[in-house]
Amino acid sequence: LRKEMSDAMARVNMWASTKEKELNNIKIEHTSFLDTQNDLTQRLKQREREAKNKMEKLMQEINKHQEGIRSLKVQNDSLKGKSEELPSELKSLQEELEMEKENYKTILNDLDSQDSSMRRKKHALEMGHELYETRLGLKFDKTNDGSLVFKMRNIDPSFPSREFSFSIRVE
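Notes on the structure in this doc start here. Fair warning: this is a prediction, and the values are worked out from it, not measured in the lab. (Residues numbered from 1 in each chain as written. Predicted model: local features only at pLDDT ≥ 70, side-chain atom pairs only at ≥ 80, totals over all residues. Heavy atoms only, no water.)

Regarding a nonpolar patch on the surface
As a reminder of what qualifies: Two distance rules govern patches: like charges are joined within 9 Å, and nonpolar side chains (Val, Leu, Ile, Met, Phe, Trp, Tyr) within 5 Å, applied only to residues with over 30% relative accessible area and no salt bridge. The Shrake-Rupley method, run with a 1.4 Å probe, gives the accessible areas here. Residue values count only the displayed protein chains as cover. The working definition used for a salt bridge is a side-chain nitrogen of Lys or Arg within 4 Å of a carboxyl oxygen of Asp or Glu. Runs of H or I in DSSP of at least four residues are treated as helices and runs of E of at least two as strands, each being numbered from the N terminus. Burial classes: relative accessible area under 20% of the type maximum marks a residue as buried, over 50% as exposed, and values in between as partly exposed (1.4 Å probe, protein chains only).
On the surface, Met55, Leu58, Met59 and Ile62 cluster together to form a nonpolar patch covering roughly 390 Å² of accessible area. Within the secondary structure, Ile62 is located in helix 1 (residues 2–136). Classification of Ile62 by relative accessible area gives partly exposed; the value is 38%.

See the structure below:
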């Protein structure tokens, strides 16, 4: 009986020793698993922080872009308003241009008319001057001091080439 008891005790001790080794192995595996889990958890938290930072930056960029879009919409609306005004403004300017063209034509016609009138007057004066010079021998000269000298021929019938003159100075 003792031997059986001793054998049973040895088997129980051996079984307990095996179970203790298994328990230690499970504890080591569990510790290793927990370390791995903690490491993975830390990496996951780090990724989460990075993702949050990235998301915040993206949100800031989105807000900037949305503000830019709003600004562009305001500019677009302003340009639409201006583009709607432009045809009427263009028409007004075209009408004003047509009126200016008509005024220009009128002024040009008036100038042409004045020019031809002045040419006729000049021609008449030149003809009169030529007539006075050839028939009466009357000639006008201006001196350096601003006097006007009248020279005349054909006054003395006995000597028609004889020249008479007088000068007038007006101050």
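Some thoughts on empty space enclosed by the protein
As a reminder of what qualifies: Here the term cavity refers to a set of points on a 1 Å grid, laid over the protein atoms alone, in which a 1.4 Å probe fits but cannot get out; the term pocket refers to an open set having protein on both sides within 12 Å along at least five of seven lines, with lining residues being those that place an atom within 4 Å of a point. Grid points are joined across faces, edges and corners, and a volume is the space filled by probe spheres set on the points.
Taken as a whole and judged by the stated rule, the model has one cavity of 30 Å³ or more. Put simply, the largest cavity is a space of about 40 Å³. Taken together, Glu133, Gly137, Leu138, Lys139, Lys151, Met152, Arg153 and Glu163 make up the lining of the largest cavity.

A short note on the side chain of Asp156
As a reminder of what qualifies: Pairs of N or O atoms within 3.5 Å make up the polar contacts considered here, provided that, within protein, one atom can donate a hydrogen while the other can accept it, and that residues adjacent in sequence are counted only when both atoms are side-chain atoms. Working rule for contacts: check all heavy atoms of both residues, and any pair within 4.5 Å makes them a contact.
Considering the arrangement of structural elements, one finds Asp156 in the loop between strand 2 (148–152) and strand 3 (164–168). Within the structure, the side chain of Asp156 is placed 2.8 Å from the side chain of Ser158, a separation counted as a polar contact. Filtering out sequence-adjacent residues up to four positions away, Asp156 remains in contact with Arg162 and Phe164.

The quantities given are spatial measurements derived from coordinates; they are silent on function.
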